[in-house]
Amino acid sequence: MTYDYLFLDLAPATLAADVARAAALPPAGEIVGVFTPQLGWHARQAAVLLRWNDPAADREAAVAALQSAAGVAAARRDLLAATVRPGTSDRPRPGGIYVHRWFVVETASVPEFLELSAEGWRDFETRFDTQIFGLFAAARNDADKAAGVTRLLLITRYGDHGVWEASRDPSTEAMAAFARRRRMTRDTWAASTLLASL
(Lines give C-alpha, C1' and ligand atoms only; values in the text may rest on other atoms or scores of the structure.)
Protein backbone atom coordinates (compact mmCIF):
# COMPACT_ATOMS: atom_id res chain seq x y z
CA MET A 1 0.00 0.00 0.00
CA THR A 2 1.11 3.54 -0.74
CA TYR A 3 -0.52 6.83 0.14
CA ASP A 4 -1.04 10.34 -1.19
CA TYR A 5 -1.40 13.23 1.24
CA LEU A 6 -3.04 16.18 -0.49
CA PHE A 7 -2.94 19.47 1.38
CA LEU A 8 -5.59 21.70 -0.17
CA ASP A 9 -6.28 25.41 -0.27
CA LEU A 10 -9.97 25.75 -1.02
CA ALA A 11 -11.98 28.51 -2.61
CA PRO A 12 -14.50 30.32 -0.38
CA ALA A 13 -17.62 28.30 0.47
CA THR A 14 -15.99 25.05 -0.67
CA LEU A 15 -16.17 22.05 1.68
CA ALA A 16 -13.35 19.53 1.59
CA ALA A 17 -15.80 16.65 2.07
CA ASP A 18 -17.70 17.75 -1.06
CA VAL A 19 -14.48 17.79 -3.09
CA ALA A 20 -13.58 14.31 -1.83
CA ARG A 21 -17.08 12.92 -2.49
CA ALA A 22 -16.85 14.08 -6.08
CA ALA A 23 -13.50 12.37 -6.65
CA ALA A 24 -13.59 9.55 -9.19
CA LEU A 25 -10.98 7.10 -7.92
CA PRO A 26 -10.10 3.88 -9.72
CA PRO A 27 -10.86 0.61 -7.85
CA ALA A 28 -7.29 0.43 -6.52
CA GLY A 29 -7.68 3.71 -4.62
CA GLU A 30 -9.69 4.82 -1.60
CA ILE A 31 -10.12 7.95 0.49
CA VAL A 32 -8.94 7.08 4.00
CA GLY A 33 -9.71 10.43 5.59
CA VAL A 34 -10.58 14.06 4.98
CA PHE A 35 -9.30 16.39 7.68
CA THR A 36 -10.52 19.94 8.32
CA PRO A 37 -8.83 22.59 10.47
CA GLN A 38 -9.11 23.39 14.13
CA LEU A 39 -5.74 24.87 15.13
CA GLY A 40 -2.73 25.54 12.95
CA TRP A 41 -4.31 25.68 9.49
CA HIS A 42 -6.28 28.41 7.78
CA ALA A 43 -10.05 27.94 7.73
CA ARG A 44 -9.93 27.31 3.96
CA GLN A 45 -7.36 24.49 4.22
CA ALA A 46 -7.84 20.74 4.47
CA ALA A 47 -6.03 17.47 3.87
CA VAL A 48 -7.13 14.34 2.02
CA LEU A 49 -5.38 11.03 2.65
CA LEU A 50 -5.63 8.49 -0.20
CA ARG A 51 -4.55 4.83 -0.06
CA TRP A 52 -3.54 2.80 -3.11
CA ASN A 53 -2.93 -0.82 -3.94
CA ASP A 54 0.35 -1.13 -5.82
CA PRO A 55 0.52 -0.78 -8.72
CA ALA A 56 -2.53 1.45 -9.03
CA ALA A 57 -3.68 2.02 -12.58
CA ASP A 58 -4.78 5.58 -13.31
CA ARG A 59 -3.45 6.84 -9.93
CA GLU A 60 -1.73 9.87 -11.43
CA ALA A 61 -4.78 10.89 -13.42
CA ALA A 62 -7.07 10.49 -10.40
CA VAL A 63 -4.80 12.55 -8.14
CA ALA A 64 -4.41 15.25 -10.78
CA ALA A 65 -8.20 15.43 -11.19
CA LEU A 66 -8.69 15.82 -7.44
CA GLN A 67 -6.00 18.52 -7.26
CA SER A 68 -7.69 20.49 -10.03
CA ALA A 69 -11.29 19.85 -8.93
CA ALA A 70 -13.81 22.67 -8.71
CA GLY A 71 -13.24 24.63 -5.52
CA VAL A 72 -9.56 23.66 -5.13
CA ALA A 73 -7.42 26.80 -5.42
CA ALA A 74 -4.09 25.05 -4.79
CA ALA A 75 -2.89 21.61 -3.75
CA ARG A 76 0.39 20.21 -2.44
CA ARG A 77 1.02 16.47 -2.78
CA ASP A 78 3.26 14.24 -0.69
CA LEU A 79 3.73 10.59 -1.62
CA LEU A 80 3.78 8.58 1.61
CA ALA A 81 4.74 5.07 2.67
CA ALA A 82 3.41 3.58 5.90
CA THR A 83 6.07 2.65 8.46
CA VAL A 84 5.04 1.02 11.76
CA ARG A 85 1.39 1.98 11.14
CA PRO A 86 -1.23 1.97 9.67
CA GLY A 87 -2.10 -1.55 8.65
CA THR A 88 -3.51 -2.16 5.20
CA SER A 89 -7.14 -1.95 6.34
CA ASP A 90 -6.85 0.55 9.22
CA ARG A 91 -9.10 3.60 9.13
CA PRO A 92 -9.28 6.65 11.40
CA ARG A 93 -11.91 6.38 14.16
CA PRO A 94 -14.70 9.00 14.21
CA GLY A 95 -14.71 11.60 16.97
CA GLY A 96 -11.98 13.36 18.85
CA ILE A 97 -9.28 15.43 17.21
CA TYR A 98 -6.52 14.38 14.82
CA VAL A 99 -3.13 16.01 15.20
CA HIS A 100 -0.98 15.99 12.06
CA ARG A 101 2.67 16.38 13.09
CA TRP A 102 5.52 16.55 10.61
CA PHE A 103 9.06 15.63 11.66
CA VAL A 104 12.28 16.26 9.77
CA VAL A 105 14.83 13.62 10.74
CA GLU A 106 18.28 12.70 9.47
CA THR A 107 17.71 9.78 7.12
CA ALA A 108 20.27 7.63 8.92
CA SER A 109 18.26 8.08 12.16
CA VAL A 110 14.89 6.98 10.75
CA PRO A 111 15.11 3.32 11.95
CA GLU A 112 15.83 4.42 15.53
CA PHE A 113 13.11 7.09 15.30
CA LEU A 114 10.59 4.39 14.34
CA GLU A 115 11.72 2.09 17.17
CA LEU A 116 11.39 4.86 19.75
CA SER A 117 7.95 5.77 18.39
CA ALA A 118 6.66 2.20 18.72
CA GLU A 119 8.21 1.92 22.19
CA GLY A 120 6.52 5.11 23.38
CA TRP A 121 3.13 4.24 21.89
CA ARG A 122 2.75 1.15 24.09
CA ASP A 123 2.54 3.31 27.22
CA PHE A 124 0.96 6.30 25.48
CA GLU A 125 -2.12 4.49 24.14
CA THR A 126 -2.85 2.60 27.35
CA ARG A 127 -2.50 5.70 29.55
CA PHE A 128 -4.49 8.23 27.50
CA ASP A 129 -7.54 8.35 25.19
CA THR A 130 -5.30 8.26 22.13
CA GLN A 131 -4.72 6.20 19.01
CA ILE A 132 -1.76 6.45 16.68
CA PHE A 133 -3.35 6.09 13.27
CA GLY A 134 -0.21 6.29 11.19
CA LEU A 135 3.43 7.23 10.93
CA PHE A 136 4.37 7.77 7.28
CA ALA A 137 7.63 8.47 5.48
CA ALA A 138 7.36 11.03 2.70
CA ALA A 139 9.12 10.45 -0.61
CA ARG A 140 12.35 12.44 -0.47
CA ASN A 141 12.55 15.44 -2.77
CA ASP A 142 15.79 17.00 -4.03
CA ALA A 143 16.02 19.34 -1.02
CA ASP A 144 15.58 16.41 1.39
CA LYS A 145 18.32 14.45 -0.36
CA ALA A 146 20.69 17.40 -0.36
CA ALA A 147 20.11 17.91 3.38
CA GLY A 148 20.29 14.19 4.19
CA VAL A 149 16.84 14.19 5.79
CA THR A 150 13.52 12.36 5.62
CA ARG A 151 10.16 13.93 6.41
CA LEU A 152 7.77 11.85 8.51
CA LEU A 153 4.05 12.50 9.10
CA LEU A 154 2.46 11.30 12.34
CA ILE A 155 -1.36 11.30 12.53
CA THR A 156 -2.65 10.82 16.09
CA ARG A 157 -6.22 10.77 17.41
CA TYR A 158 -6.84 12.34 20.84
CA GLY A 159 -10.16 12.30 22.69
CA ASP A 160 -10.00 16.10 22.81
CA HIS A 161 -7.51 18.92 23.37
CA GLY A 162 -7.57 18.24 27.12
CA VAL A 163 -6.24 14.73 26.46
CA TRP A 164 -3.52 16.21 24.27
CA GLU A 165 -2.48 18.52 27.09
CA ALA A 166 -2.55 15.74 29.71
CA SER A 167 -0.46 13.49 27.46
CA ARG A 168 2.44 15.98 27.63
CA ASP A 169 3.21 14.68 31.16
CA PRO A 170 7.03 14.35 31.13
CA SER A 171 7.05 11.65 33.83
CA THR A 172 5.51 8.93 31.64
CA GLU A 173 7.44 6.16 29.91
CA ALA A 174 6.02 7.43 26.63
CA MET A 175 7.47 10.89 27.10
CA ALA A 176 10.86 9.42 27.97
CA ALA A 177 10.92 7.63 24.61
CA PHE A 178 9.58 10.69 22.81
CA ALA A 179 12.27 12.88 24.43
CA ARG A 180 14.94 10.61 22.96
CA ARG A 181 13.16 10.83 19.63
CA ARG A 182 13.05 14.62 19.88
CA ARG A 183 16.84 14.80 20.15
CA MET A 184 17.19 13.38 16.64
CA THR A 185 14.52 15.71 15.18
CA ARG A 186 15.77 18.64 13.14
CA ASP A 187 12.37 20.29 12.86
CA THR A 188 8.72 19.58 13.67
CA TRP A 189 5.34 21.32 13.33
CA ALA A 190 1.74 20.30 13.94
CA ALA A 191 -1.91 21.16 13.43
CA SER A 192 -5.10 19.98 15.13
CA THR A 193 -7.87 18.79 12.80
CA LEU A 194 -11.25 17.13 12.69
CA LEU A 195 -12.10 14.04 10.66
CA ALA A 196 -14.86 14.97 8.21
CA SER A 197 -17.78 12.68 7.49
CA LEU A 198 -17.98 11.42 3.91
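In the block above lies the structure referred to throughout.
The shown structure was predicted, so the numbers you read here are calculated from the model rather than taken from an experiment.

(A) The overall build of the protein, seen in detail. Within the protein, the regular secondary structure consists of six helices and eight strands. For the protein, the sequential pattern of α-helices and β-strands runs β-α-β-β-α-β-β-α-β-α-β-α-α-β. Relative to its length of 198 residues, the protein is compact, with a C-alpha radius of gyration of 17 Å against a globular reference of 16 Å. Over its C-alpha atoms, taken along the principal directions, the protein stretches across nearly 50 × 40 × 30 Å. Residues counted as buried form 47% of the 198 residues belonging to the protein.

(B) The sheet that holds strand β8 (residues 185-195), seen in detail. Taken together, the eight strands give a closed barrel; going around it, the order is β1-β3-β2-β8-β5-β7-β6-β4, and neighbouring strands pair in antiparallel fashion. Recorded for the sheet is a direction-independent mean angle of 35° between the axes of neighbouring strands. Of the strand pairs in this sheet, strand β2 (residues 29-39) and β8 are connected by four bridges, and their pairing is antiparallel. Counted as the bridge partner of L39 is S192 from β8.

(C) Looking closely at helix α2 (residues 59-67). Considered for burial, the residues of α2 that qualify are R59, A62, V63 and L66. Along the axis of α2, the buried residues cluster in a sector spanning 95°; they form a single face. Where α2 is buried, its residues meet β1 (2-10), α1 (16-21), β3 (45-52) and β4 (72-82).

(D) View of the packing of aromatic side chains. One pass over the structure, following the stated rule, counts nine aromatic pairs. On the numbers, 5.9 Å between centres and 75° between planes, the contact of Y5 with W102 is edge-to-face. Within this pair, whereas Y5 is found in strand β1, its partner W102 is found in strand β5 (residues 97-106), the two being separated by 97 residues in sequence. Take W102: its relative accessible area is 5%, and that puts it in the buried class. Ring geometry for F124 against F178: centres 5.6 Å apart, planes inclined by 70°, an arrangement best described as edge-to-face. Linking F124 in helix α3 (residues 110-127) with F178 in helix α6 (residues 173-183), this pair joins segments that are 54 residues apart in sequence. For the pair formed by F124 and F178, the shared burial category is buried.

(E) Seen up close, the pattern of salt bridges. Taken as a whole, this structure holds 15 salt bridges when the rule is applied. For R51, the salt bridge goes to E30, with nearest N and O atoms at 2.9 Å. Linking R51 in strand β3 with E30 in strand β2, this pair joins segments that are 21 residues apart in sequence. With relative accessibility at 29%, the residue E30 sits in the partly exposed group. Linked by salt bridges that have partners in common, D4, R59, E60 and R77 make up one network.

(F) Seen up close, the pairing of β3. Of all eight residues in β3, eight are buried; the element is thus mostly enclosed. Here β3 shows a buried face lined by Q45, A47, L49 and R51 and a second buried face lined by A46, V48, L50 and W52. Strand direction decides the pairing type here: β1 and β3, joined by eight bridges, are antiparallel. Note that in β3 the partner of D4 across the bridge is L50. In this structure, β2 lies alongside β3, joined through six bridges in antiparallel fashion. Each bridged residue has a counterpart across the sheet, and for G33 the counterpart in β3 is L49. Where β2 folds back on β3, the antiparallel hairpin that results is connected by five residues, among which G40 adopts a positive phi of roughly 105°.

So, how was this worked out
- Residues numbered from 1 in each chain as written.
- Predicted model: local features only at pLDDT ≥ 70, side-chain atom pairs only at ≥ 80, totals over all residues.
- Heavy atoms only, no water.
- Helix = DSSP H or I, 4+ residues; strand = E, 2+ residues; numbered from the N terminus.
- Rg over C-alpha atoms; globule rule 2.2 N^0.38 Å.
- Buried < 20%, exposed > 50% of the residue type's maximum accessible area, 1.4 Å probe, protein only.
- Pairing = 2+ DSSP bridges.
- Axes fitted to C-alpha atoms, helices over the stretch in contact; angles between N-to-C directions.
- Arc of directions from axis to C-beta.
- Contact = heavy atoms within 4.5 Å.
- Phe/Tyr/Trp six-rings, centres within 6.5 Å; stacked < 30°, edge-to-face > 60°.
- Salt bridge = Lys/Arg side-chain N within 4 Å of Asp/Glu carboxyl O.

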